Amino acid sequence: MIIKMNKKGDSILLVLFEVLAVVLIAFTMIRIAQGFASSETVIKQNTAQDIALMVNTLVGVPGDAIVEYPANLSNYNLVMDSTSITLKSISLPELKKPGVDRTAYFYLPNGYTAGGILEAKSRLCLEKKSKSITLGECHGP
Amino acid sequence: MDRRGQFDVARKSIYWGIAGVVMTMIVLGFALMIAGYQNKLTYTPPELKAELISLRFVNNPDCFAYQEPITGKVITNSIDLSKFNTDNLNKCYVVTAEKAYKDYNFRLALTNTQISSPTGMITVPEIYTVDYYNVDSLTLKKPVLVYDTKGVHEDQLQIHVEVKV
């Protein structure tokens, strides 16, 4: 059986298709915009870069030193090894997507090591002892 | 469908063909614009990064800083001339070879220090990091104390930075 559609039917179908397409494109663009421009992404990138710069600075300090990062990092997990620092958002029920991990790189002299993991702690400290740089939670006032 | 209806459908197809391309371009342009904005927000000035990396050259005794042999005290903003060579530089600033060209590379020069050579007194040779290709992006100048066998004197360390080739 062949169903014939008149011109008016065609037009309604096309209008529906157009509306659907426009809604889909608008939705896609908003999602892309949210993903790229969310402050979460920017904060993670800047924090990772800040910590990498702090490691570079500590390498340039003769002797031992300890420095606290001046921001609350309780929403993130941090993993540092001898070449990089990575920030991950912690998985909270209210956050549907944890977002992209952000990594920043630094370069240590031969014989130096760096490492540490910090899970959802508000205060972050970097400590340089001899040739070792450790990331950890700050203690004391 | 009559002939007029068929014509309408064909016309809409052409319209949607063109509109599809235009919309794709708009979406891509929008995404690129936002990515550019995000890059602006996360931008770190290369001068700052280079300055912080190069602190090690004049303050860390594992690089070139002078350390008093008896007390162990490190003199900040100093150069021990016996350490000032390419091997030490590449131990002090280690980049992995496969991506070294993408990272900061350095050329270091002491402007007023001379050493003796078979041909007479010459300026201290410049030293380079791995994958330095003479594409200087910026130059940092640091006043330093140079320690050599004769004693100590003031000089200027020029740190030429290659941000990216």
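Up top you'll find the structure we're talking about.
Asks: Which residues make up helix α2 (residues 46-59) of chain B, and what values do they have?
Replies: Residue and element names in this part refer to chain B. Here α2 is 14 residues long and its end C-alpha atoms lie 20 Å apart, about the 20 Å a rise of 1.5 Å per residue gives. Along its length, α2 shows its largest kink, about 25°, at Ile53. In terms of burial, α2 is a largely internal element, ten of the 14 residues being buried. For α2, the set of buried residues is Pro46, Lys49, Ala50, Leu52, Ile53, Ser54, Arg56, Phe57, Val58 and Asn59.

Asks: So what's going on with the sheet that holds strand β7 (residues 132-137) of chain A? Which residues, and what values?
Replies: Residue and element names in this part refer to chain A. Overall, mixed pairing links the seven strands, which are arranged β1-β6-β7-β5-β2-β3-β4 in an open sheet. The open sheet has two edge strands, β1 (65-69) and β4 (102-105), and neither has a second partner. Ignoring which end each strand starts from, the neighbouring axes of this sheet average 15° apart. Of the strand pairs in this sheet, strand β2 (residues 76-80) and strand β5 (residues 113-119) are connected by four bridges, and their pairing is antiparallel. Bridged to Asn77 within β5 is Glu119. Against the sheet, helix α2 (residues 39-59) engages β1, β2, β3 (84-89), β4, β6 (124-129) and β7, with an angle of about 25° to β4.

Asks: Lay out a nonpolar patch on the surface in plain terms, naming residues and giving numbers.
Replies: Residue and element names in this part refer to chain B. Taken together, the side chains of Ile14, Ile18, Val22 and Ile26 present a nonpolar region at the surface, about 380 Å² in accessible area. Inspection of the secondary structure puts Ile14 in helix α1 (residues 3-41). Note on Ile14: relative accessible area 56%, which makes it exposed.

Reading the values: the criteria
Residues numbered from 1 in each chain as written. Chains lettered and ligands numbered in written order. Predicted model: local features only at pLDDT ≥ 70, side-chain atom pairs only at ≥ 80, totals over all residues. Heavy atoms only, no water. Helix = DSSP H or I, 4+ residues; strand = E, 2+ residues; numbered from the N terminus. Expected span 1.5 Å × (residues − 1). Bend = angle between axes of the 7 residues up to and from the residue. Buried < 20%, exposed > 50% of the residue type's maximum accessible area, 1.4 Å probe, protein only. Pairing = 2+ DSSP bridges. Axes fitted to C-alpha atoms, helices over the stretch in contact; angles between N-to-C directions. Contact = heavy atoms within 4.5 Å. Patch = residues over 30% accessible without salt bridge, like charges linked within 9 Å, V, L, I, M, F, W, Y side chains within 5 Å. Areas by Shrake-Rupley, 256 points an atom, 1.4 Å probe, with all protein chains shown as cover. Salt bridge = Lys/Arg side-chain N within 4 Å of Asp/Glu carboxyl O.

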